Amino acid sequence: MRDSLDENRSEPPRDFAISETPHLLGRSVVALAPDPDRHRFNTTTQDTHSLATHYGFNDLDGSRPNSWSFIAALEDDPAADARAFR
């Protein structure tokens, strides 16, 4: 079993490379809240990548992590490089 909290781990799990900061989620809320047309997202599930693409903002490091695409790519290619999804 993989455990990201393992004290003997010398590096974070490989999957953490696609992680986003809490700021990206915050930027999503800040962009969505004042949008008078935000109702278009009613009954849909949005992720931070979709909202960042729609509203045009990035994470603190300038990237726009696409976690769901990375996870899907890992199913086809376990050696997929997370950098291609940032």
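Residues numbered from 1 in each chain as written. Predicted model: local features only at pLDDT ≥ 70, side-chain atom pairs only at ≥ 80, totals over all residues. Heavy atoms only, no water.

A. Spotlight on the overall build of the protein. Looking only at helices and strands, the protein has three helices and zero strands in total. Here the C-alpha radius of gyration of the protein, 15 Å, is well above what a compact globule of 86 residues would show, namely 12 Å. Within the protein, buried positions represent 24% of all 86 residues. When contacts within the protein are restricted to residue pairs at least 6 apart in sequence, those whose partners lie at least 24 apart make up 50%. (Helix = DSSP H or I, 4+ residues; strand = E, 2+ residues; numbered from the N terminus. Rg over C-alpha atoms; globule rule 2.2 N^0.38 Å. Buried < 20%, exposed > 50% of the residue type's maximum accessible area, 1.4 Å probe, protein only. Contact = heavy atoms within 4.5 Å.)

B. Spatial organisation of the packing of aromatic side chains. Tallied over the full model, the rule gives two aromatic pairs. Judged by centre distance (6.4 Å) and plane angle (55 degrees), the ring pair of phenylalanine 41 and tyrosine 55 falls under tilted. Of the two residues, phenylalanine 41 is situated in the loop between helix 1 (22-32) and helix 2 (48-55) and tyrosine 55 in helix 2; the sequence distance between them amounts to 14 residues. By relative accessible area, which is 24% here, tyrosine 55 ends up partly exposed. Aromatic side chains phenylalanine 70 and phenylalanine 85 sit 5.6 Å apart centroid to centroid with 55 degrees between the ring planes, which places their arrangement in the tilted category. On the criterion of sequence distance, the pair formed by phenylalanine 70 in helix 3 (residues 67-76) and phenylalanine 85 in the segment after helix 3 is long-range, its members being 15 residues apart. Overall, the relative accessible area of 1% leaves phenylalanine 70 in the buried class. (Phe/Tyr/Trp six-rings, centres within 6.5 Å; stacked < 30°, edge-to-face > 60°.)

C. How the structure looks around helix 3. Looking only at helix 3, the buried set comprises Phe70, Ala73 and Leu74. Summarising the axial view, the buried residues of helix 3 lie within an arc of 105 degrees, below the 170-degree limit, and thus occupy one face. Turned more than 90 degrees off the buried face of helix 3, the exposed positions are Trp68, Glu75 and Asp76. (Arc of directions from axis to C-beta.)

D. Focus on the environment of aspartate 81. Inspection of the secondary structure puts aspartate 81 in the segment after helix 3. With 16 residues separating them in the primary sequence, aspartate 81 and proline 65 have C-alpha atoms 12 Å apart. In this view, aspartate 81 contacts Arg14 and Phe70; residues no more than four positions away in its chain are not counted.

E. Just unusual backbone geometry, in detail. You will see that threonine 43, though not glycine, has its phi angle at about 65 degrees, which is positive. Turning to its location among the elements, threonine 43 is positioned in the loop between helix 1 and helix 2.

F. Representation of the confidence of the model for the protein within the structure. For the protein, the mean per-residue pLDDT works out to 88, and 92% of the residues sit at or above 70. Ranking the helices and strands of the protein by mean pLDDT puts helix 2 first, with 96, and helix 3 last, with 91. (pLDDT = per-residue confidence, 0-100.)

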